[in-house]
Amino acid sequence: MPTLAAMRVTRRGLLAGGALGVGTAVGAGALVEYDVLPGRTRAYDLLGLDGGDGVIPDVPTGSVERGELDGLGWRIFHPPGEPTRLPVVVALGGAHQRVESLENDLGLGAFLAASGERFAIAGIEGEGSYWHPRKDGSDTGRTVLEHFLPLLGERGLDMTRPGFLGWSMGGYGALLLATERVEAGQPVGPIAATSPAVWTSYGDSTGGAFDSQEDFDEYGIFGRTDLLDGLDVRIDCGRGDPFYRNVVELTGRVEADVHLEAGDHTAGYWTRVLPAQLAWLGGRLTAEESAADAQ
């Protein structure tokens, strides 16, 4: 087995003299593992290192409420059975992911029903906003915190300690909105961030994620990690994900239940890890309810 030091070759060295002619897929996989080969995400896909895709359960689901708030589509997925005052997890979609995708592509209602967990999932889309105030005056994060959460309470859900779940932009948003609640002195339930779109610097961020260096300094999650201290945080990311390196750095700064495994930035990976995430969320929401009842 080659040592890590032995793996530290340059891309120029690899490209010279046909060095990219790696003898076996195993050898190529090792090079990818240490970020030697360019195009990490594509290489993981080609080498079959992403693992299998999840399968949406074919089960009867609970009721689903649908609506729109400030131009943003939303869904409330209830578990099967009689309606009760359930705790809620707010699910935040990725950039330009329509709310229908949370239902059809991620199968939130079906996965919730199959899980047997007793909480509701309230999904909302965020366009390309990244869940914080923008220079055009929009602020989808404020819409969630100041309008969507009260709407959920009006529909009989327990808003004492809402949890958060998100993918990509929504994974970042789950972490961000949790810190916003902490800053406001409001309680926060468990947070599950999947393949969160996070960057260590403004210069490396995706165009449109932040309006300026000042915007990044205020709302970039690396500048807010202290606000996550003491919260129940779970972070999932595939090793073939383009955000993998940034996520690894983030997990070194946040006390979290971290799951790094085979996978890419795809619905196939997200549906594969979703059952474990729902069980994790449900266990913590149940524990919180029991603690509140005991007081």
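Our structure's up above, just so we're on the same page.
Chains are numbered independently. Their residues run from 1 in the order of the written sequence. Thresholds applied to this predicted model are a pLDDT of at least 70 for local features of residues and 80 or more for the giving and counting of side-chain atom pairs; totals over whole chains, interfaces and linings are not thresholded and use all residues. Just so you know, side-chain values use all the structure's heavy atoms and leave hydrogens and water out.

*Asks:* Explain the packing of aromatic side chains to me, using residue names and the numbers behind them.
*Replies:* Within a pair of aromatic rings, the relevant descriptors are the distance that separates the centres and the angle that separates the planes. For this analysis, a ring pair means two rings from Phe, Tyr or Trp (six-membered ring only for Trp) whose centres lie within 6.5 Å, classed as stacked if their planes differ by under 30 degrees, edge-to-face if by over 60, and tilted for the remaining angles. According to the stated counting rule, one finds eight aromatic pairs in the structure shown. Their ring planes at 45 degrees and their centres at 6.2 Å tell us that Trp 74 and Phe 148 sit as a pair that is tilted. Here Phe 148 lies in helix H7 (residues 140–154) and Trp 74 lies in strand E2 (residues 72–77), a separation of 74 residues in the sequence. Neither residue differs from the other here; Trp 74 and Phe 148 are each classed as buried. A ring pair is formed by Tyr 130 and Trp 199, whose centres lie 5.9 Å apart and whose planes are at 50 degrees; its orientation type is tilted. Of the two residues, Tyr 130 sits in the loop between strand E4 (120–124) and H7 while Trp 199 sits in the loop between strand E6 (191–194) and helix H9 (213–219), which places them 69 residues apart along the sequence. Look at Trp 199 and you get buried, because its relative accessible area is 6%. Counting from the N terminus, the helices are DSSP H or I runs at least four residues long and the strands are E runs at least two residues long. Remark: exposure states derive from per-residue accessible area (1.4 Å probe, protein chains only) relative to the maximum for the residue type, with buried under 20%, exposed over 50%, and partly exposed in between.

*Asks:* Break down the packing of H7 against helix H8 (residues 169–183) for me, with residues and values.
*Replies:* Geometry is summarised by axes, namely lines fitted to C-alpha atoms with helices restricted to the contacting stretch, and by angles between N-to-C directions that run from 0 to 180 degrees. It is the contact of H7 with H8, at a shortest axis distance of 10 Å, that shows an interaxial angle of 65 degrees. Both H7 and H8 take part in a crossing whose hand is right-handed. For the pair formed by H7 and H8, the contact residues are Gly 141, Arg 142, Val 144, Leu 145 and Leu 149 on the first element and Leu 177, Glu 180 and Arg 181 on the second. Tallied by class, the residues present in the contact of H7 with H8 amount to four nonpolar, one polar and three charged. Helix crossings get a hand from a simple test, with the near helix turned counterclockwise from the far one by less than a right angle marking a left-handed crossing and a clockwise turn marking a right-handed one. Should any heavy atoms of two residues lie within 4.5 Å, those residues are considered in contact. By the convention adopted, Pro, Cys, Tyr, Trp, Phe, Met, Ile, Leu, Val and Ala count as nonpolar, Lys, Arg, Asp and Glu as charged, and the other residues, Gly among them, as polar.

*Asks:* Tell me what's going on with the environment of Leu 285, and back it up with residues and numbers.
*Replies:* You can see Leu 285 is positioned in helix H11 (residues 267–294). The buried category is assigned to Leu 285, whose relative accessible area is 3%. Leu 285 sits 123 residues away from Pro 162 along the chain, and the two C-alpha atoms are 8.9 Å apart.

*Asks:* So what about the side chain of Asp 241? Which residues, and what values?
*Replies:* Relative to the assigned elements, Asp 241 resides in the loop between strand E7 (233–238) and helix H10 (244–251). A relative accessible area of 1% means that Asp 241 is categorised as buried. What qualifies as a polar contact is a pair of N or O atoms within 3.5 Å, subject to a donor-acceptor requirement within protein and to the restriction that residues adjacent in sequence count only when both atoms come from side chains. Here the side chain of Asp 241 touches Phe 243 through a polar contact of 2.7 Å, landing on its backbone nitrogen.

Read these as geometric descriptors, not functional statements.
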